[in-house]
Structure formats: C-alpha cells, structure tokens
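Chain by chain, the residues run as shown.
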2 protein chains.
Amino acid sequence: MTDVKNIIDGIFSGSKVPLAKAITIIENDLAGKKQLLKEIYKNTGKAYRVGITGPPGAGKSTLTNQIIKLLSSHNYKVGVIAVDPTSPFTGGALLGDRIRMSESALLENVFIRSMATRGSLGGLSKSTSDVCDVLDASGKDFILVETVGVGQTELDIAGTADTTIVTLVPESGDSVQTLKAGLMEIADIFVVNKSDRQGADNIASSLRNIIHLKPESEDKWDIKVLKTIASENEGIEELLKEIKRHQRHLTKSGFLDIKRKHHLRNKVKELVNESLKVNFWNEENEKYLNENMEKIGFKLKDPYTLADEISARKFSI
Amino acid sequence: MTDVKNIIDGIFSGSKVPLAKAITIIENDLAGKKQLLKEIYKNTGKAYRVGITGPPGAGKSTLTNQIIKLLSSHNYKVGVIAVDPTSPFTGGALLGDRIRMSESALLENVFIRSMATRGSLGGLSKSTSDVCDVLDASGKDFILVETVGVGQTELDIAGTADTTIVTLVPESGDSVQTLKAGLMEIADIFVVNKSDRQGADNIASSLRNIIHLKPESEDKWDIKVLKTIASENEGIEELLKEIKRHQRHLTKSGFLDIKRKHHLRNKVKELVNESLKVNFWNEENEKYLNENMEKIGFKLKDPYTLADEISARKFSI
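A few points on the structure.

About the thresholds
Residues numbered from 1 in each chain as written. Chains lettered and ligands numbered in written order. Predicted model: local features only at pLDDT ≥ 70, side-chain atom pairs only at ≥ 80, totals over all residues. Helix = DSSP H or I, 4+ residues; strand = E, 2+ residues; numbered from the N terminus. Buried ≥ 20, exposed ≤ 12 C-beta atoms within 10 Å, placed from the backbone. Contact = placed C-beta atoms within 7 Å. Axes fitted to C-alpha atoms, helices over the stretch in contact; angles between N-to-C directions. Parallel < 35°, antiparallel > 145°, perpendicular 65-115°, else oblique. Left-handed = near helix turned anticlockwise from the far one by under 90°. Nonpolar A, V, L, I, M, F, W, Y, C, P; charged D, E, K, R; others polar. Core = buried A, V, L, I, M, F, W, Y, C linked by C-beta atoms within 7 Å. Arc of directions from axis to C-beta. Pairing = 2+ DSSP bridges. Right-handed = clockwise from strand over helix to strand, strands pointing away.

**Concerning the overall build of chain A**
And then number 1: From N to C terminus, chain A includes 13 helices and 7 strands.
And then number 2: Going through the 317 residues of chain A one by one, you find that 48% of them count as buried.
And then number 3: Pairs at least 24 residues apart make up 77% of the contacts formed inside chain A by residues separated by at least 6 positions.

**Examining the packing of helix 12 (residues 283-297) of chain A against helix 13 (residues 303-313) of chain A**
Residue and element names in this part refer to chain A.
And then number 1: The N-to-C vectors of helix 12 and helix 13 enclose an angle of 160 degrees; their axes lie 11 Å apart at closest approach. When the axes of helix 12 and helix 13 are compared, the pair comes out roughly antiparallel. Relative to helix 13, the crossing made by helix 12 is right-handed. Packed against helix 12, whose contacting residues are N285, Y288, L289, N292 and I296, the element helix 13 presents P303, L306, I310 and R313 at the interface.
And then number 2: For the contact of helix 12 with helix 13, a count of residues per class yields 6 nonpolar, 2 polar and 1 charged.

**Observations regarding the nonpolar core**
And then number 1: By size, the foremost hydrophobic cluster in this structure holds 150 residues, and its most contacted members are A:V134, A:L144, B:V134 and B:L144.
And then number 2: Look past the residues within four positions of B:V134 in its chain and what remains in contact with it is B:I11, B:L19, B:A22, B:I23, B:I26 and B:I40.

**A few points about helix 3 (residues 33-40) of chain B**
And then number 1: Looking at helix 3 of chain B, one finds that the buried residues are B:L36, B:L37 and B:I40. All buried residues of helix 3 of chain B project into a common sector of 90 degrees when viewed along the axis, lining one side.

**A look at the pairing of strand 6 (residues 189-192) of chain A**
Residue and element names in this part refer to chain A.
And then number 1: Alternating residues of strand 6 divide into I189 and V191 and F190 and V192, and every residue in both groups is buried.
And then number 2: Both strand 5 (residues 163-168) and strand 6 contribute to a ladder of 4 bridges, which runs parallel. Looking across to strand 6, one finds that I165 is bridged to I189.
And then number 3: Examined bridge by bridge, strand 6 and strand 7 (residues 224-227) share 4 bridges and lie parallel to one another. Its bridge partner being in strand 7, F190 is matched across the sheet by V225.
And then number 4: With respect to chirality, the unit in which strand 6 leads through helix 9 (residues 200-213) into the neighbouring parallel strand 7 is right-handed.

That is the geometry; function is a separate question.
Structure follows, in structure tokens:
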C-alpha cells in the first residue's frame, strides 16, 4: 500500500512512470486500485475530456494523432486513451494504426495509453472512466479517448466525455440513414474524415438533415458537421476550434457541471449495482440456481418463477 | 387476466391474432406479461432458433426474406422477429427494407413481427428472447431473429439463438481484420452476401483464415463461410442445408441442450439482477444518492466511498 502512496504522489507530480503504473493497476484490477481512485478523486475535474468514436476505417487514429500534435504544439498537456477492441481470435489487429500514434507519445507533454478490450466490453467502460480520472489528476489539460464504435463502447465513451466527436467517412453515406441510433444520440460534433473522397458533401448534408430533424437539446447546442482530411492535417484547426466552442458553450451555460454530475451519478449507481450483484451471487445462491436449472430443463419450473424465488432469497441472507 | 388466459389458449392453437396480442403485451410490458410467460414456458423448446446479424447494408432483410420463403415452401411453420434499431431522430428509417418482408407475412405458415429498439437497446434482449418463447409455444418449427449488428444486440441475439448467422458483404473486406470482436465470437455460419460484387472471394478467404486461427470450440463445430446473392435467391438452399447441418451437429453432440440451458441460466440471472436493482433503488436509496451527489461535486466525498456506503445500506433495509 505504501507503493500506492508513492504512485499517487508521482501522479500528482505529473511523471509518466507512476501514471503508467497506476493505469496498469486499474486495468488489471490489482490491489490498491480502490485506494488509488479514492485518493486521486479530489484532484480531478480540471481536464477537458474529448471522446472520438466512429465505425472501423473512419481514420479515427489518424485524426486523434493530428489533434494530439496540434494540442501539444499549443503547449497543452494531453492524455490519450486508445481503446482497442481486440479480436479474441487475432489478439490485437489494430496495432498498425497505433504505430503512427506512438510517435506522438514521445512528445514531452503527451501521455498515450492503449487499452484492449479482450473480447469483453463490459468492464471497459468503468476502466476507461477510471483511467480518465488518473490522467485528469496528473494535470492534463485535455484527455482524448479514442474508440471504434463497437458494441457498447460508443455509449460508454459519451458517458465519460465532455465533448463527443463522431467520425464518419464518405463511404458511410449509404448507411447514414441506418446509422446506429447510439452514434446519432451522442454526437456533439460530426466529422466527415477523408473528405477528399467522393460523396463527402452528400454525407455531410445528410447528417445536417438528420440533425435538423432532431428535437432541440436541453442545452441548445447546435451540432455542426465538419470536414477533415486527417492524413493531410486538413481541417484539424477548425475541429479544435469547434471543440473549444463546445467547451465554452457548456461552461457558460452551466451544462458542463450538470453533464459531469450526471456522469458521476451514473458511475456511483453502476458501482453499487455491480456490488449488489457480486454480493448476491455467493456460493449459496449460485448453488440454488444450479440445482433448479434441472427443473427448468425438465419444464417442472419456469425461469420467471425461479427468478422470483431467487430474488426473494436476498431478504433471508 | 381472463384475457391473458384466452390469449394463451390462442397461442397454443397457433392463431395469429392472439400471438400478435401477446407480443404487444411483452413489448410494452403490460399487465399479464409475467403470467403469460410463465404459462407458455412448458410449451417451448420445440422451435429451432436462428439469429441473423451483421453490419448495416449487408442485405440481412433480403436474406431473411429468402430463408422465410424457402422454409415456408417446405411447409415449415416460421416465426420471424425483425429487430429494428430505430434512430431516435428519424423514428424508423428501415421501413423500406421491411416492405419486401411483409409480402412473406401474408403466407399462411409465416408470422413476422418487427420490434423497434427506440434508442434504448437494454430492454430489447430480454423482450426478444421472450417473444421467441411465445413464437416457440405457438408451434413454430423455425424462429428467425434478424437484427443489425448494433450496440449490444448482436451479442444478445447469440444469447437466444441456436444458430447464429453473421452476414457480411464484399465491402466489409477492409475492416474484416478490425471486425467487431463480438461478431467473430458468435458466428456459427458466415455468409458473404452480394457475392457477385468485387472482393467476395477475398473476404471469404480472409474470414476462413481468421476462423482457422481460432482455437477449436468445445463442441468442435467447423464454421463455414458461404456465399449468397440474396436478391437473386442464390445460395439460399445451401445456407438452409448448413443451418440444418449445425442443428444436427448440436443435437447429436448434446450441445443443443447445453447451449439452451446456458441461455436459460443467463436469463434467470438477468431477471434476478434486474429485480435486485429495482428493489434496491427505492425512494430512500435514490434520495441518499442525490443528497450525497452534492458532496461528490464539491469533492468532499469520492464516488467510490459513496458507492461503498450505499451498498452497505442494503443490509439495513
């Protein structure tokens, strides 16, 4: 535990090694994790959190990399989490994309961490938000979380980010109408990347039409559609301006506080729900479930009656 | 409640109207839902459940429609659930795709139901599996569940299907390497649809390579990659043969029982977990959470400590 104390002090001083150690503790759920997160919490809240998501092949890594370089050149301290939804078969096929980003990792004021999901997406959301907290406590000005829009991750990213950027490419055009409800719901900024390709204007105007149909949000933010060519570093300055415009909008309107409190409230609820489950499914209740599965199999009992019975058991613990 | 009794009798007789009523009860969580599900359970287990998933634009609806027609022509009774991840902005853009399918709905031995997610994907998985049970109890031979690979849905589909078909198109080729971990994990059969387009052989062989890298599954099923052109009705007979080959494989090896028991066990656990949450978050505990969010905001308390405190409250209820 004294080790954790040292790590915490190291985080506050902004050094990279303790930061890396802390993230490893969080990622692998090692001893000291809770103490670490409890103690750094008071130092969080200063960094501005930007989520970058979108379908595979949208160029999110390249885009993120350009944003990192731009922020770094303005002397901002930048923390980056690249969430890699590793295929359980190949064990990490996205590595190529990360190589470009690792050059930026050599910059003094940039810290980049790749996190793999290893098939299970469930635990990732909590870890990502915990790692954001650690980066935040280490004195970063901006935290970028980049993740492919896979499974639940794009909703989780919006559950921790102040600004969420949804990145698409002209090729996404055909399916904009059928675009994931989730992606549409979470975007604060739309980026059409690789916008030198055919169809860029089409998809941009389709997106604007869809945005137009959306009922005005509570905070009255007007979602813009920007065009970038990340590989040529085109449109990145405009994107950063738009991020800052959103930041100002949220800050002035008071919605930044509301949004962050909302995220924190969800986090507390999830922690509680998780601990309810863990506490409930002890050996005894698992055994009761397993014994009764035979009856379910033979149709002597139905799943709903069994669930009622098991739920009632919690009062007798 | 006598109404529910009538509906249940109607389901067992295989008529369409009570079936539709029952699904409405489930979808909208109306009174009588639990009684209905409890009472029909003993009549489930006879239908073979096939899930069809994949990215937007893969032609899943057309493919599903051809499978329906083929099954129907063989005099099988077919139930279909088309899960429509409605965009919260447009309120259901996929309608066009459904029109073709609705022709099949006129067939005597086919029952088709569209279910919309309305933004929230969470509740859908449970409803889908409940609706499968109702279709099953109504005497269907095959139940097809078609859903776009969005959010959690493709994992949920595998959590209720006996055979899961993952549909891709040649255009998916670029991103096969970065394909959703989830999709790779759940496929019993891969279909490359629109296989007259360029790149079909490439993606098929990429898929075979990835399958080859995968450690052998417990039930020793060899996943095949089939090519179809659903719009021309090409490859559908071969696909049905492959579905039946999988069905025989699962039945003979005893893994059908194991798989179904596994699904049921997860279902009971989820029902219990849901009721734990609902019971726990009563007015009193919500109030405690809300009161303490102020302290969290002012950094007087951290979220982890608050979650511990709240979790401990359950013992004092």
